[in-house]
Amino acid sequence: MQIKTFLFPLLLVLSQIPLRAHDHTFESWNAKQWEDYPFECVETGATPEYTRCYAEKANKRDWDLRQELNDDKLWKDWMSARRRICSHYKSKHFGQGTVKPLMIISCEMRLNTEAERFCISGEDKQCG
């Protein structure tokens, strides 16, 4: 009984500790993204297969940004805002077409590139 009394609060406390970007590997995080996705990456495949390939490249860039920021809340906020912005504009451009997911990923990669170029690398001296 003493062990249960000690372990339960300990487990409760440990479950509340936020995970940091460096606590994971890219491979494990990326694999988690594809657990329920029905298509494999095929560079010369149909749109859903090629989209997966492109999304895997985007995941690598997202992971690199996550490592750079080293702040999971900030990274998740960026990802959420970026997703909403790209979804909004690509819905206007492509409606519900099959190319829309690919265009959203392209938009997200572009916004990551712009953040890197103008804020992280210091290329733009006015940022921050």
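Everything below is about the structure shown above.
Our subject in this report is the structure included herewith. Only a predicted model underlies this, so the values are computations on that prediction, with no experimental measurement involved.

### Brief notes about unusual backbone geometry
Then, number 1: The backbone of Asn-70 shows a phi angle near 50°, a positive value even though the residue is not glycine.
Then, number 2: One can find Asn-70 in the loop between helix H3 (47-69) and helix H4 (72-94).
Then, number 3: For Asn-70, a relative accessible area of 33% corresponds to the partly exposed category.

### Re the packing of aromatic side chains
Then, number 1: Enumeration according to the criterion identifies seven aromatic pairs in this entry.
Then, number 2: Ring centres 5.6 Å apart and planes at 35° place the aromatic pair Trp-29 and Trp-63 in the tilted group. Pair noted here: Trp-29 is in helix H2 (residues 26-33) and Trp-63 is in helix H3, with a separation of 34 residues, a long-range link.
Then, number 3: For Trp-29, a relative accessible area of 13% puts it in the buried group.
Then, number 4: On the basis of relative accessible area, Trp-63 is assigned to the buried category, the value being 6%.
Then, number 5: A network of ring pairs unites the aromatic residues Phe-26, Trp-29, Trp-63 and Trp-75 as a single cluster.
Then, number 6: Between Lys-60 and the ring centre of Phe-26, over which it is positioned, the NZ or CZ distance is 5.3 Å.

### Considering the state of the cysteines
Then, number 1: Under the definition given, this model contains two disulfides.
Then, number 2: Each sulfur of the disulfide joining Cys-86 and Cys-107 lies 2.1 Å from the other. The sign of the S-S torsion, about -75°, decides the handedness of the disulfide formed by Cys-86 and Cys-107: left-handed. Of the two residues, Cys-86 sits in helix H4 while Cys-107 sits in helix H5 (residues 100-120), which places them 21 residues apart along the sequence. Across this residue pair, the class does not change: Cys-86 and Cys-107 are buried.

### Concerning the nonpolar core
Then, number 1: In this structure, Phe-26, Trp-29, Trp-63, Leu-65, Trp-75 and Met-79 together form the largest nonpolar core, which totals six residues.
Then, number 2: Of all the elements in the fold, those that place two or more residues in this core are H2, H3 and H4.
Then, number 3: Counting residues in each nonpolar core, the second largest holds five residues, with Trp-34, Ala-55, Ala-58 and Ile-105 among its members.

### Describing the pattern of salt bridges
Then, number 1: As enumerated under the stated definition, the model contains twelve salt bridges in all.
Then, number 2: We note a salt bridge from Arg-110 to Glu-114, for which the minimum N-O separation is 3.1 Å. One end of the pair, Arg-110, and the other, Glu-114, are both in helix H5, four residues apart, so they sit about a helical turn from each other.
Then, number 3: For Arg-117, the salt bridge is made with Glu-114, and the minimal N-O distance between the two is 3.5 Å. Note that Arg-117 and Glu-114 are positioned in helix H5 at a spacing of three residues, about one turn of the helix.
Then, number 4: Given the relative accessible area of 34%, Arg-117 is considered partly exposed.

Criteria and cut-off values
Residues numbered from 1 in each chain as written. Predicted model: local features only at pLDDT ≥ 70, side-chain atom pairs only at ≥ 80, totals over all residues. Heavy atoms only, no water. Helix = DSSP H or I, 4+ residues; strand = E, 2+ residues; numbered from the N terminus. Buried < 20%, exposed > 50% of the residue type's maximum accessible area, 1.4 Å probe, protein only. Phe/Tyr/Trp six-rings, centres within 6.5 Å; stacked < 30°, edge-to-face > 60°. Lys NZ or Arg CZ within 6 Å of the ring centre and 35° of its normal. Disulfide = S-S within 2.5 Å. Core = buried A, V, L, I, M, F, W, Y, C linked by side-chain atoms within 4.5 Å. Salt bridge = Lys/Arg side-chain N within 4 Å of Asp/Glu carboxyl O.

Such coordinate-based values are descriptive only and should not be taken to indicate function.
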